[in-house]
Amino acid sequence: MTATIVKETRRSPESTGQPRRSFGFWLRDKGWRHAVGVVMALFAIFPLLYVLSAALSSSSTLAGSNALFSDFDSSFGNFQALFSDPTRPFGRWFVNTLFIGIVTSAASVLLGALAAYAFSRMRFTGRRLGLLSLMLVQLFPQLLGIVAIFLLLSGISDVVPWLGLGSQLGLIMVYLGGALGVNTYLMYGFFNTVPKSLDEAARIDGASHAQIFFTIILRLVTPILAVVGLLSFIGITSDFIIASVVLTDPDAQTLAVGLYSYVATQRAENWGVFAAGAVLAALPVMALFLFLQKYITSGLISGSVKG
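Keep in mind that this is a model prediction, so the values were computed, not measured. The residue count restarts for each chain, going from 1 along the sequence in the order it is written. pLDDT decides what is reported in this predicted model: residues at 70 or higher carry local features, side-chain atom pairs at 80 or more are listed and counted, and totals for whole chains, interfaces and linings draw on all residues regardless. Computation of side-chain values: all heavy atoms of the structure, hydrogens and water removed.

Chemist: Help me out: how do you make sense of the overall build of the chain in this one?
Modeler: Numbering goes from the N terminus for both helices and strands, where a helix is a DSSP run of H or I of at least four residues and a strand is a run of E of at least two. A count of helices and strands for the chain gives 14 helices and 0 strands. In the chain, the order of α-helices and β-strands from amino to carboxyl end is α-α-α-α-α-α-α-α-α-α-α-α-α-α. Burial here depends on accessible area, computed with a 1.4 Å probe over protein chains only, as a share of the maximum for the residue type. Under 20% is buried, over 50% is exposed, and the range in between is partly exposed. The burial tally for the chain puts 34% of its 307 residues in the buried class. The contact definition used throughout considers only heavy atoms, calling two residues in contact when any of these lie within 4.5 Å. Within the chain, counting contacts between residues at least 6 apart in sequence, those at least 24 apart form 68% of the total. Carbon and sulfur atoms make up 68% of the accessible area of the chain, which totals about 18500 Å². Residue-level accessible areas treat just the shown protein chains as cover; the underlying method is Shrake-Rupley with a 1.4 Å probe.

So this is what it looks like as structure tokens:
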């Protein structure tokens, strides 16, 4: 019986009396989707190949990298130059970026999850107004507050130097203030998909809000935590404007700010070294993305089901 079913499913369209579909019909039905996918893939991959070609090129100009991988430097001179310039401590910039990115992402996830849990599970005065305020605040980009941030941190430096202008902790606080609103609202929709009956059952057993949050809820909302952490890490490691304003000490700067010094001056541009630094700067983001890949899709779409 099973063999008969397999044979039936393997019959060609001619044997079943159905006309064979033409290439034009396949192209109109599904083929155009493959064409669009190939074009978009090439559009996304070409800049990456161009930067990698410039990083492996012996020329310091982008014009010498027009032909991809035509001028290959077997000694990897651009990568060696990154770590051989004492005035530009690339290794320290790399460590600073990882420290600021990891600490800020972890704190953003924790604070956002706590706020989202409160808005989703608790009923208190000002709850609706608070949610609307979070939406309203996100209409204004953090870039509009650059002057206010600079003046605020400059004033804090006179009282608490380690938290003011030029400190990495001050930059972390600025990032947390800007990301808390959008992360809270993003997690809020996902928290609403978790049945409240789990909370009620845990409370009957004598669990507190903290026990419910850390032992039950966090395990069920892992996808959205991964998405928020990944987006926060990407935004922080690629930020240039705020980091360049807050971090004034070259030893405390991040990769985005430090690498700009290679191409900042008009007569001393070194695009090859800059491209090599960009390739190395992308490795932590790629590693984190691959590690959290299984959570990303469900974390982005599940929050739209309810709430």
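Chemist: What exactly am I supposed to notice about the packing of aromatic side chains here?
Modeler: Each aromatic ring pair is specified by the distance between its two centres and by the angle formed by the two planes. Two rings from Phe, Tyr or Trp (for Trp, the six-membered ring) form a pair when their centres sit within 6.5 Å of each other. Planes less than 30 degrees apart are called stacked, planes more than 60 degrees apart edge-to-face, and all others tilted. Counting across every chain of the model gives 10 aromatic pairs. With 6.2 Å between their ring centres and 35° between their planes, Y185 and Y188 make a pair best called tilted. You can see Y185 and its partner Y188 sitting in helix α7 (residues 168–191), 3 residues apart, about one turn around the helix. The exposure class assigned to Y188 is buried, which follows from its relative accessible area of 10%. Taken together, the aromatic side chains of F83, F90 and F94 make up a single cluster linked through ring pairs.

Chemist: Which parts of the structure should I look at to understand the packing of helix α3 (residues 77–84) against helix α13 (residues 271–291)?
Modeler: Describing two packed helices takes the angle between their axes plus the distance from one axis to the other. For every element, the axis is a line fit to its C-alpha atoms; helices are fit only across the contacting stretch, and the angle between N-to-C directions ranges from 0 to 180 degrees. Orientation of α3 relative to α13, taken along the N-to-C sense of each, is 85°, at an axis distance of 8 Å. Taken together, α3 and α13 sit at an angle that is classed as roughly perpendicular. Across the interface between the two elements, N78, F79, A81, L82 and F83 from α3 touch G272, V273, A276, G277 and L280 from α13. Charged means Asp, Glu, Lys or Arg here, nonpolar means Ala, Val, Leu, Ile, Met, Phe, Trp, Tyr, Cys or Pro, and polar covers whatever is left, Gly included. Taken together, the residues of the contact of α3 with α13 break down into 7 nonpolar, 3 polar and no charged. Geometric relationships in this document are graded by angle, where less than 35 degrees denotes roughly parallel, more than 145 denotes roughly antiparallel, 65 to 115 denotes roughly perpendicular, and other angles denote oblique.

Chemist: What is the right way to read helix α9 (residues 209–220) from this model?
Modeler: Two residues of an α-helix separated by three or four positions point the same way, owing to the 3.6 residues in each turn. Under the convention used throughout, the expected extent of a helix is 1.5 Å for every residue step, that is, one less than its residue count. With 12 residues, α9 ought to run about 16 Å at 1.5 Å a step, and its terminal C-alpha atoms sit 15 Å apart, in line with that. Looking only at α9, the buried set comprises I212, F213, I217 and L218. Buried residues of α9, viewed axially, fall in a sector of 145°; they line one side. Here the buried face of α9 lies against α4 (90–121), α7, α8 (196–204) and α10 (222–237). The directions from the helix axis to the C-beta atoms form the arc being described.

Chemist: Teacher, can you tell me more about the pattern of salt bridges here?
Modeler: Close approach of charged atoms lets side chains of opposite charge pair. The rule for a salt bridge is simple: a side-chain nitrogen of Lys or Arg has to be within 4 Å of a carboxyl oxygen of Asp or Glu. Taken as a whole and assessed by the stated rule, the structure comprises 2 salt bridges. A salt bridge links R88 to D85, with the shortest nitrogen-to-oxygen separation between them at 4.0 Å. Overall, the relative accessible area of 24% leaves R88 in the partly exposed class. Taking relative accessible area as the criterion, D85 reaches 23% and is therefore assigned partly exposed. A salt bridge links R121 to D199; the shortest N-O distance between them is 2.9 Å. Note that R121 is positioned in helix α4 and D199 in helix α8, a separation of 78 residues in sequence. Residue R121 is classed as buried on the basis of its relative accessible area, which comes to 14%.

Chemist: Explain the packing of α7 against α10 here, please?
Modeler: Packing of α7 against α10 leaves a shortest axis separation of 11 Å and a crossing angle of 155°. One way to sum up the angle between α7 and α10 is to call them roughly antiparallel. In the packing of α7 onto α10, the handedness of the crossing is right-handed. Between α7, through Y175, N183, L186, M187 and F190, and α10, the contact on the second element is made entirely by P223, I224, L225, V228, S232 and I236. Crossings are assigned a handedness: left-handed for a near helix turned anticlockwise from the far helix by less than a right angle, right-handed for a clockwise turn.

Chemist: Explanation requested: the confidence of the model for the chain in the structure shown.
Modeler: On average, residues of the chain carry a pLDDT of 82, and 85% of them reach 70 or more. Values of pLDDT, the confidence the predictor places in each residue, fall between 0 and 100. Across the chain, α4 holds the top mean pLDDT of 92, while helix α1 (residues 2–9) sits lowest at 47. Scored below 50 in pLDDT, residues 303–307 makes 8 contacts in the model with residues more than four places away or belonging to other chains.

Chemist: Help me out: how do you make sense of the side chain of S105 in this one?
Modeler: When you line up the elements, S105 lands in helix α4. On the accessibility criterion, S105 (7% relative accessible area) is buried. Setting aside its immediate chain neighbours within four residues, S105 contacts G229, S232, F233 and I236.

Chemist: Please clarify how the environment of G258 should be interpreted in this entry.
Modeler: Among the structural elements, G258 can be located in helix α12 (residues 255–259). Considering only alpha carbons, one finds G258 and F90, 168 residues apart in sequence, at a separation of 7.5 Å. The residues contacting G258, other than those within four sequence positions of it, are W93 and Q253.

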